[in-house]
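Structural features, examined
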Amino acid sequence: MTALFFKEWIKLRLIWGLILAGNAAFCLYLFLDMRQQFRIEHAEMLYYQASRIGRLFYADLQYVPALTGAALAVAQFAPEMAKGRLRLSMHLPISLDGLILIHLTIGLIGLGVILAFDLAALAATVGTFFPGAFVHSALATAAPWMLAGVAAYLGGVLVLLEPCRPLQVVNLAVAGGLVTLCHLSTRFNGADHALPGLALMVGLLLPAVLLPARRFRDGGR
Amino acid sequence: MLCLTPRFAFAALVMLVLAIAVPAAYTLVFGVEVAPTQLFYSPVRKAFVFREHHGAHDFIYADQHGERFDRRTFETQIPFIYYRNMDLWGLLPITLDGQTFDAVTMRDTRQILELAPREIRDRRPEIDVYPLLEANPGRARLQFPEDVFRMTADAMEFLNVDTNTVDTDLTTRFTMALTAAGFAFPAGLVAGKPTILKPLDEGYFLVDAAGAVFHVKRVDGRPQVVRTPIPTDLGIRHIKVSETRSRAFYGLLLTDDARLFLITYDAYRLVPLPVESYDPDRMAYKLLLNPMQATAVFGDEAMIHAVAMTRDFQPFDRYARPVPGTADMVYARLARWLFPYTVHLDEHNGGYLTWRLTDHGWTGVAGIGIALLTLLAVERWRRSPWRAQWPKLVLVVAGGLFGLLACLLLPERRAID
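Residues numbered from 1 in each chain as written. Chains lettered and ligands numbered in written order. Predicted model: local features only at pLDDT ≥ 70, side-chain atom pairs only at ≥ 80, totals over all residues. Heavy atoms only, no water.

For the rest of this paragraph, the subject is the overall build of chain A. A count of helices and strands for chain A gives nine helices and zero strands. Listing each helix as α and each strand as β along chain A from the N terminus yields α-α-α-α-α-α-α-α-α. Counting only C-alpha atoms and orienting by the principal axes, one finds that chain A spans roughly 65 × 30 × 25 Å. Relative to its full complement of 221 residues, chain A shows a buried share of 53%. Restricting to contacts in chain A with at least 6 residues of sequence separation, those with at least 24 account for 82%. Accessible surface, chain A: about 9300 Å² in total, of which carbon and sulfur atoms supply 70%. (Helix = DSSP H or I, 4+ residues; strand = E, 2+ residues; numbered from the N terminus. Buried < 20%, exposed > 50% of the residue type's maximum accessible area, 1.4 Å probe, protein only. Contact = heavy atoms within 4.5 Å. Areas by Shrake-Rupley, 256 points an atom, 1.4 Å probe, with all protein chains shown as cover.)

Next comes the structure, spelled out in structure tokens:
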């Protein structure tokens, strides 16, 4: 198991670092953009826009987690599927489900670190200009976007592991549907009540990923 | 069973996504929008008049007795609503019951108050930070102050918006003024209209920990706090403040048991409004005021109700009629057969995305039967062994068309799965 972690770390560290750097650059942009707004506009108007009109100053962040999740899935599983390299790992003395779940654990830890960084940066940015209530609201508003990141990662794996093209399209539609549901709300705290149900649906992706993995092992049957 | 788990998880996921997406796509392609019925009391006709939409461009204008008229005639029946058109058509001033009204009088004496479910405090998200406007701005328009306040466990705390730091001086002054008036922290409800797009500012109504209602304003930079005589045991759910130049009513007060009151400028006296058949979680309540009478109108997707009242809010006539809606249209009837239920994830009557399940009763069950027969036909054509089909049967029984589609989209199960 340690060897698998090590193998995945060696494979992912460069691209993971690049994705993290990309997220950091985006968060810096988010901070500078909000600082610029406070420079050119009266603060009381920005408070009004944020709390009453419902303007989300950090709305640009919403698709970043999904892109991050999808990129990480491709970085981790595209090389495994190229020329069927995953089959080599299948010779290890570990069950197929165990093998895939270890891969997913590594990917989810990597994704979790990046998403936690995004949330921390969001809290720091909003907290610099607004009081605590706005920070809590921003974190709750961004929660379904983070969930979309997990859905995009697991959905990406679901698509990549599937050996049959038409079923890849089905898996892509399911993953896309889930990511879309996570982005349905356009207002702050709008998804607070929907989050448990969305989390449950995204949670179903975890065991579902084992299905295409088994089909891959069995040669696409 | 364990070896079924990935298939079950995937099938359940596909079915859930389909249960949301397919009815939404169906409605997008075949759905018909029907505008809500508009119902008024006509001071001209002394009867209720309405505009009813039956889809496309089919509008009916009529009164409660069934007499139909054209759009222009309809508008002349409710002159306090369409006073500007009446003025353009040269029909003003108008004399009703011995009183004569011109356009200016009509404009200044009419008022509309509305409380929609999505406005109620517990049905929408809110960031509990508010601007307290200067009620005497000394200029033509209201303007936002450079501070906001929030109610903490023991203070009305002001923050400077430029520095995002606590303004100790303002915090102390307003907290002391509240405490001196008998305010018991923490606050239970903060109700105001934090916008400068209104003619004047009446500050905020604060409900304290004991249920007492306090009225707080900023006048010439100083706190003005009034402990109102509104009963503490009312069980206040929401207060909607609605400032107008007429200065007759501060707004509407809704209680936990769905009673609705007007808060008057006359020593904060509460005027009870008719609420029979009113459900604040489903219905928007509209109160139309003019110098002759008041009309309360409220309803949902099925029925609309109206109560006509004298100017001192004594009901003298009531009327209710079904809303045409879309339920009887062909596409809606077909949807009830096709889909056993619909999963909605939307902002229904509120500001939060919520999960809702709409079941379609016996027609939905019949739809499940049709889906089952379709599945059996497909599997017979595929010459699939019957024993291997029970998980699919379970899926179709649970999801009807959605389950059937999930079965067709799922890869065929191998013995090794």
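Back to the write-up after that little detour.
Moving on, we get to the layout of surface pockets. Put simply, the second largest pocket is a space of about 780 Å³. Lining the second largest pocket are 28 residues; nearest its centre among them are Arg52(A), Glu119(B), Arg124(B), Glu126(B) and Pro194(B). Counting residues per element, the ones that place at least two in the lining of the second largest pocket are helix 2 (43–53) of chain A together with strand 10 (189–192) and strand 14 (236–241) of chain B. (1 Å grid on protein atoms, 1.4 Å probe; cavity = no way out; pocket = protein on both sides within 12 Å on 5 of 7 lines; lining within 4 Å. Points joined across faces, edges and corners; volume = space filled by probe spheres on them.)

Residue and element names in this part refer to chain B. As far as domains go, chain B holds domain 1 (2–32 + 331–409), domain 2 (38–109) and domain 3 (112–289). Between domain 1 and domain 3, the C-alpha centre-to-centre distance is 47 Å. Listed as interface residues are five residues of domain 1 and, on the opposing side, eight residues of domain 3. Carbon and sulfur atoms make up 50% of the area that domain 1 and domain 3 hide from each other, which totals about 460 Å². At the boundary of domain 1 and domain 3, one finds zero salt bridges. (Domains from an automatic or database assignment. Buried area = accessible area lost by both parts, 1.4 Å probe. Salt bridge = Lys/Arg side-chain N within 4 Å of Asp/Glu carboxyl O.)

Here we come to the packing of helix 5 (residues 96–129) of chain A against helix 9 (residues 210–217) of chain A. Residues and elements named next belong to chain A. Packing of helix 5 against helix 9 leaves a shortest axis separation of 10 Å and a crossing angle of 125°. It follows that helix 5 is oblique to helix 9 by the angle criterion. Judged by the sense of rotation from one axis to the other, the crossing of helix 5 with helix 9 is right-handed. On helix 9, the residues that touch Leu96, Asp97, Ile100 and Leu101 of helix 5 are Leu210, Ala213, Arg214 and Arg217. (Axes fitted to C-alpha atoms, helices over the stretch in contact; angles between N-to-C directions. Parallel < 35°, antiparallel > 145°, perpendicular 65-115°, else oblique. Left-handed = near helix turned anticlockwise from the far one by under 90°.)

Bringing the packing of aromatic side chains into the picture now. Applying the stated criterion across every chain yields a total of 38 aromatic pairs over all chains. Between the aromatic rings of Phe149(B) and Phe158(B), the centroid separation amounts to 5.8 Å while the plane-to-plane angle is 45°, which identifies the pairing as tilted. Each ring, one from Phe205(B) and one from Tyr268(B), has its centre 6.1 Å from the other, and the planes form 80°; the classification is edge-to-face. Of this pair, Phe205(B) sits in strand 11 (residues 204–207) while Tyr268(B) sits in the loop between strand 16 (260–264) and strand 17 (270–272), placing them 63 residues apart in sequence. Here Phe205(B) matches Tyr268(B) in class, with each residue buried. Connected via pairs of aromatic rings, a cluster forms that spans Phe31(A), Phe38(A), Tyr47(A), Phe57(A), Phe129(A), Phe130(A) and Phe134(A). Geometry around Phe216(A) places Arg87(A) over its ring, the cationic atom sitting 4.6 Å from the centre. Sitting over the face of the ring of Phe50(B), Arg321(B) holds its NZ or CZ atom 3.9 Å from the ring centroid. (Phe/Tyr/Trp six-rings, centres within 6.5 Å; stacked < 30°, edge-to-face > 60°. Lys NZ or Arg CZ within 6 Å of the ring centre and 35° of its normal.)

This part is about helix 9 of chain A. The element helix 9 of chain A is extensively covered by neighbouring structure, given that seven of its eight residues are classed as buried. Of the residues making up helix 9 of chain A, those classed as buried are Leu210(A), Leu211(A), Pro212(A), Ala213(A), Arg214(A), Arg215(A) and Phe216(A).

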